[in-house]
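# Examining the three-dimensional arrangement
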Amino acid sequence: MDFLLKQVFVGLPKTVGNKEAVNPMEREWTSAIFKEPVEGSIWVGKTGLTGDGQGDLKHHGGPEKAVFAYSFENYRYWQEELGIKEISSGGMGENLVMGNVNEETIAIGDTFQIGEAVIQVSQPRQPCWKPARRFKVKNLALLLQNTGRTGWYFRVLNEGYVEEGQTFTLVDRPYPQWTIQKCNQIIHARQQNLVEMRELACCELLAPGMRTTLEKRIEKGGTKSPDISDRVFGPNE
């Protein structure tokens, strides 16, 4: 199972918008979602790519979220669904745009050789309000979440240089049952399934932070879905 690295993006936090704007979607905000394409090879380290950064270090970055990847095919869907051509490669703030793959065909623990690096899928991305602000679509985080087109994170097992056009070569697939799509269904289900939640929480290659989140829900009985309004709408309301 090989996938194509179509593009590489990096970027540092920057502030955009208008402090005095009445419309929340036009107000000033800071994010590293605005990334630029990389030409040539770039170093992938344990905590990310050279020249990349995060505006919110509480929820982004770190070794379990070192590299964010998104499917090229997802952009075709969003362009047709929302009628916004500007939603294209790099639009979700990803580092790696991957071709011939989506959330149904990649799973927790999938380990790839790409260039000199070896990277491993650690967890789905939990969509926040920032893509919505960028494209002025207030419910975009919910659309990403409900369709399962969230993207996913990699941890870096072996550092090294990568570049556009290289192939992701699968070297290990220990948990084919835990696709990103399946994880999203469990994590975001309105009716919490405790059995599936326990099984997923036991997946040793799921990011520790996500496992802890699931374990806390299990302790509470999983009877009520968590309030996600701050994450998906945030200051856009």
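Structure first, text after, so check above.
Described below are features of the structure shown in this document. Just so you know, these numbers come straight off a predicted model, no measurement behind them.

Cut-offs used in this document
Residues numbered from 1 in each chain as written. Predicted model: local features only at pLDDT ≥ 70, side-chain atom pairs only at ≥ 80, totals over all residues. Heavy atoms only, no water. Helix = DSSP H or I, 4+ residues; strand = E, 2+ residues; numbered from the N terminus. Rg over C-alpha atoms; globule rule 2.2 N^0.38 Å. Buried < 20%, exposed > 50% of the residue type's maximum accessible area, 1.4 Å probe, protein only. Contact = heavy atoms within 4.5 Å. Areas by Shrake-Rupley, 256 points an atom, 1.4 Å probe, with all protein chains shown as cover. Lys, Arg positive; Asp, Glu negative; His and termini not counted. Charge placed at Lys NZ, Arg CZ, Asp CG, Glu CD. Pairing = 2+ DSSP bridges. Axes fitted to C-alpha atoms, helices over the stretch in contact; angles between N-to-C directions. Left-handed = near helix turned anticlockwise from the far one by under 90°. Nonpolar A, V, L, I, M, F, W, Y, C, P; charged D, E, K, R; others polar. Arc of directions from axis to C-beta. Polar contact = N/O pair within 3.5 Å; in protein donor to acceptor, adjacent residues only side chain to side chain. Salt bridge = Lys/Arg side-chain N within 4 Å of Asp/Glu carboxyl O. Phe/Tyr/Trp six-rings, centres within 6.5 Å; stacked < 30°, edge-to-face > 60°.

When you go through the protein chain residue by residue, the secondary structure sums to 7 helices and 13 strands. Compactness check: the protein chain gives a C-alpha radius of gyration of 17 Å against a globular reference of 18 Å for 237 residues, within 12% of the reference. With the C-alpha coordinates of the protein chain rotated into their principal frame, the extents come out at 50 × 50 × 30 Å. Here the protein chain holds 237 residues, and 49% of them are scored as buried. A separation threshold of at least 6 residues defines the contact pool for the protein chain, and within that pool the share at least 24 residues apart is 76%. Put simply, the protein chain shows about 11,300 Å² of open surface, and 47% of that area lies on carbon and sulfur atoms. One way to put it: in the protein chain the 28 positive side-chain charges average out to a point 7 Å from where the 30 negative ones average out.

With that settled, the discussion passes to the pairing of strand β10 (residues 117–124). Judged by how many residues are buried, β10 sits mostly within the fold: 8 of 8 residues are covered. The sheet contact formed by strand β9 (residues 111–114) and β10 spans 4 bridges and is antiparallel. The residue of β10 that forms the bridge with Phe 112 is Ile 119. Adjacent in sequence and paired antiparallel, β9 and β10 are bridged by 2 residues, among which Gly 115 carries a positive phi angle near 60°.

With that out of the way, let us pick up the packing of helix α5 (residues 194–201) against helix α6 (residues 208–219). Between α5 and α6, the shortest axis-to-axis distance is 9 Å and the interhelical angle comes to 145°. Regarding α5 and α6, the two cross each other, and that crossing is left-handed. Counting all contacts with α5, which are made through Leu 194, Met 197, Arg 198, Leu 200 and Ala 201, the residues of α6 involved are Arg 211, Leu 214, Glu 215, Arg 217 and Ile 218. Across the contact of α5 with α6, the residue classes tally to 6 nonpolar, no polar and 4 charged.

Burial runs high along helix α4 (residues 180–187): 6 of the 8 residues are buried. Every buried residue of α4 is listed here: Ile 180, Gln 181, Cys 183, Asn 184, Ile 186 and Ile 187.

Met 197, Leu 200 and Ala 201 are the residues of α5 that are buried. One side of α5 holds all its buried residues, which, seen down the axis, span an arc of 100°. In this structure, the buried residues of α5 make contact with α4 and α6. Where α5 begins, the capping side chain belongs to Asn 193, and its oxygen is found 3.1 Å from the backbone nitrogen of Val 195.

Here Asn 100, not a glycine, exhibits a phi torsion of approximately 65°, which is positive. Here Asn 100 lies in the loop between β8 (96–99) and β9. Positive phi, close to 60°, is recorded for Lys 136, a residue that is not glycine. The topology assignment puts Lys 136 in the loop between α2 (130–135) and α3 (140–147). Residue Lys 136 is classed as partly exposed on the basis of its relative accessible area, which comes to 43%.

A few words now on the sheet that holds strand β5 (residues 42–45). The 3 strands lie next to each other as β6-β5-β12, forming an open sheet whose pairing is antiparallel. A single partner strand is all that each edge strand has here, and the edge strands are β6 (48–49) and β12 (160–162). Here β5 runs beside β12; their pairing, made up of 3 bridges, is antiparallel. Paired with Trp 43 across the bridge in β12 is Tyr 161.

So, about the pattern of salt bridges. For the coordinates displayed, the defined rule picks out 4 salt bridges. Of the charged contacts in the structure, one is a salt bridge between Lys 35 and Asp 52, with a shortest N-O distance of 2.7 Å. Residue Lys 35 is located in the loop between β3 (29–31) and β4 (36–37), and its partner Asp 52 is located in the loop between β6 and β7 (67–71); the two are separated by 17 residues in the primary sequence. Both residues of the pair, Lys 35 and Asp 52, belong to the buried class.

Geometrically, a pair of aromatic rings is defined through the distance of the ring centres and the angle of the planes. Scanning all chains against the criterion turns up 11 aromatic pairs. Both rings, one in Phe 68 and one in Tyr 153, keep their centres 5.3 Å apart while their planes meet at 40°; by these two values the pair is tilted. In this pair, Phe 68 is assigned in strand β7 and Tyr 153 in strand β11 (residues 152–158), connecting sequence segments 85 residues apart. By relative accessible area, Phe 68 is classed as buried at 4%.

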